[in-house]
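Understanding the architecture of this molecule
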There are 2 protein chains.
Amino acid sequence: MSTDIPDVSKISIGILGGTGDQGKGLARRFALAGHTVLIGSRSAERAQAAAESVGGSVRGADNPTVAAEADVVIVAIPWDGHRSTLESLRSELAGKIVVDCVNPLGFDKQGAYALAVEEGSAAQQAAAVLPDSRVVAAFHHVSAVLLMDPEVEEITLDVLVAGDDREATDTVQALAGRIPGMRGVYAGRLRNAHQVEALTANLISINRRYKAHAGLRVTDL
Amino acid sequence: MSTDIPDVSKISIGILGGTGDQGKGLARRFALAGHTVLIGSRSAERAQAAAESVGGSVRGADNPTVAAEADVVIVAIPWDGHRSTLESLRSELAGKIVVDCVNPLGFDKQGAYALAVEEGSAAQQAAAVLPDSRVVAAFHHVSAVLLMDPEVEEITLDVLVAGDDREATDTVQALAGRIPGMRGVYAGRLRNAHQVEALTANLISINRRYKAHAGLRVTDL
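Here is a short report on the structure shown in this document. (Residues numbered from 1 in each chain as written. Chains lettered and ligands numbered in written order. Predicted model: local features only at pLDDT ≥ 70, side-chain atom pairs only at ≥ 80, totals over all residues. Heavy atoms only, no water.)

**Some points on the sheet that holds strand 3 (residues 59–62) of chain A**
Residues and elements named next belong to chain A.
- With mixed pairing, eight strands are arranged side by side in an open sheet as 3-2-1-4-5-8-9-10. Two strands bound the open sheet, and with one partner strand each, they are strand 3 and strand 10 (182–186). Pairwise comparison of adjacent strand axes, ignoring direction, gives a mean angle of 30 degrees for this sheet.
- Relative to strand 8 (residues 134–137), strand 5 (residues 97–100) is paired through four bridges, and the arrangement is parallel. Bridge assignment links valine 99 to a residue of strand 8, and that residue is valine 136. (Pairing = 2+ DSSP bridges. Helix = DSSP H or I, 4+ residues; strand = E, 2+ residues; numbered from the N terminus. Axes fitted to C-alpha atoms, helices over the stretch in contact; angles between N-to-C directions.)

**Brief notes about the sheet that holds strand 5 (residues 97–100) of chain B**
- Read from one edge of the open sheet, eight strands run 3-2-1-4-5-8-9-10 (chain B), paired in mixed fashion. Strand pairing shows two members of the sheet lacking a second neighbour, strand 3 (59–62) and strand 10 (182–186) of chain B, which therefore form its edges. Ignoring strand direction, the axes of neighbouring strands in this sheet form an average angle of 30 degrees.
- Against the sheet, helix 9 (residues 194–210) of chain A contacts strand 9 (157–163) and strand 10 of chain B, and its axis sits at roughly 95 degrees relative to strand 10 of chain B.
- Against the sheet, helix 1 (residues 21–32) of chain B touches strand 1 (13–16), strand 2 (37–41) and strand 4 (72–75) of chain B, its axis set at about 165 degrees to strand 2 of chain B. (Contact = heavy atoms within 4.5 Å.)

**Some points on the interface of chain A and chain B**
- With 42 residues of chain A at the contact, the number on the chain B side is 42 residues.
- Taking both partners together, chain A and chain B bury about 3500 Å²; carbon and sulfur atoms supply 54% of that area.
- Sorting the residues of chain A by area buried against chain B places Arg191, Arg209 and Tyr210 of chain A first, and these three jointly supply 20% of that buried surface.
- Run the count over chain A and chain B and you get two salt bridges.
- Summed over the shared surface of chain A and chain B, the result is 23 residue pairs in polar contact (both at pLDDT 80 or more).
- Within the residue set of the side of chain A that touches chain B, elements represented by two or more residues are strand 7 (111–114), helix 8 (166–176), strand 10, helix 9 and strand 11 (216–218) of chain A.
- Looking at the side of chain A that touches chain B element by element, the count peaks at eleven residues for helix 9 of chain A.
- In the sheet, strand 11 of chain A pairs with strand 11 (residues 216–218) of chain B via three bridges, with the strands oriented antiparallel. (Buried area = accessible area lost by both parts, 1.4 Å probe. Salt bridge = Lys/Arg side-chain N within 4 Å of Asp/Glu carboxyl O. Polar contact = N/O pair within 3.5 Å; in protein donor to acceptor, adjacent residues only side chain to side chain.)

Have a look at this one:
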C-alpha cells in the first residue's frame, strides 16, 4: 500500500456531538496527536464541560461556532438528530470536509441491527443535506472505550474511508493515520458507505460473543 | 478468542455453483484440507469438467445430487439464479447446513455497488426459500484468485460467519478454520448478513485502488 500522504498536522478538527463517548474519544486522540480540537454541542456549556473532561488543549463551543471555526468537521451526533443538526449548519459547513462517523443502528433484545436510511446511509444523507460540503464517511468502527482508555497507547485498526472527492478522502485517511496504530484505507465511493456503517452492528455482536473491542484490519495492504 | 471447536474433519462439502471461480477455489482448498468435496452445477458434465480442473479427489455432479449427498452445502451460484436454484433444491437441502456466500452486487463504470434485496440479503433470501434448512452466511470476502493460486499456501483472513443457529455457525466457523490462515469469526445474526455481503463492493474498491487481494481481519480477538 503506497499513496502520497498529505500533511495534515496543522489541520484543526471540530467534533459535532463531541459530548458523546465516540466524540470525546476522538477529541482526546486528535489532541494527543497535536491537533487543535473543538468539541461542539447544542449547548456551549455542555461542550465546555466535555472539553474539560477530555483535558489538554481541547475547547468546547456551540455547534455553529465549531462548524465555522474548524478546518475539518467530524459528525458524531446521535442518528436521531443527524438530519436536523446538519441542516441547521449548512452555511457554516459549506466548502469544508465533513467526516460522518454516524452509525444508524437499532437495538433490541437480540442486539444491534442496521436501520434503513432513505438516502442509503448516514453519509449519503449528510451529502444530500450539505450539497456544498465535501462529505466523507470514516471512523465508524473505532471503539469509544479504547479511545478513552489512558492505558491504551495504540489502537490497531484500519479506518475505512469512503467518499467521492479524492482530495477529501486522502485528507481523512491521513488524519486517521495521526492516531497511533490506525491506518486510513480508501474503501470506495459514498454509495458504498451504508455497509461500512451497518457493519458496526456485526462488531457489536462480535464484542458481545468474544468479550472484545473489535476493529478491522484490511489484509494484503 | 476461545470457543469449543467442533470436529468437522469428516464433513463432506458440496458446492453449488462450483464451476465459478469462487466455488472452484473453495473446492480446491477444502479438498487440500482432506474433505470429500462435490462440485454441483445445473449440468453434470460441466460440474465434472470443473472437478477435473480442480483435481485431487474433487467430484462433480448435478446440483440435486450434490445437495442430497453432501453433509454441508455451500451456495456459490450467481445472484441472478439464487432464488430459483434454491427453490428447486428445497427437499434435498432440508435439515442441512446451507452456507450462503453469494454477494448481490451490481457493477457500472464507477465500480461495484450493493443491490437491494427484498429479503434484506442473499442469506435471508436463502432462509426464506429454505425454511427447513439451517442457513449460515460466510465466505463472502475470500479472494477467488488467492484460493486458486498454487503458490499461496496460507490465506490470512477472517471469515465472518452470520446465522441464527449456534451449532450451525460453530460448524461453519470450524470449517473456515480448516483452510490454512483462515479463522471463522461469529459476526452476528442472519439479519446482519446484508452488510457483510455488501462489504464485498468495498473490498473490490480497495483491490482496485491498492492493487491488492484484500480480506479482513478482526482485531482484539
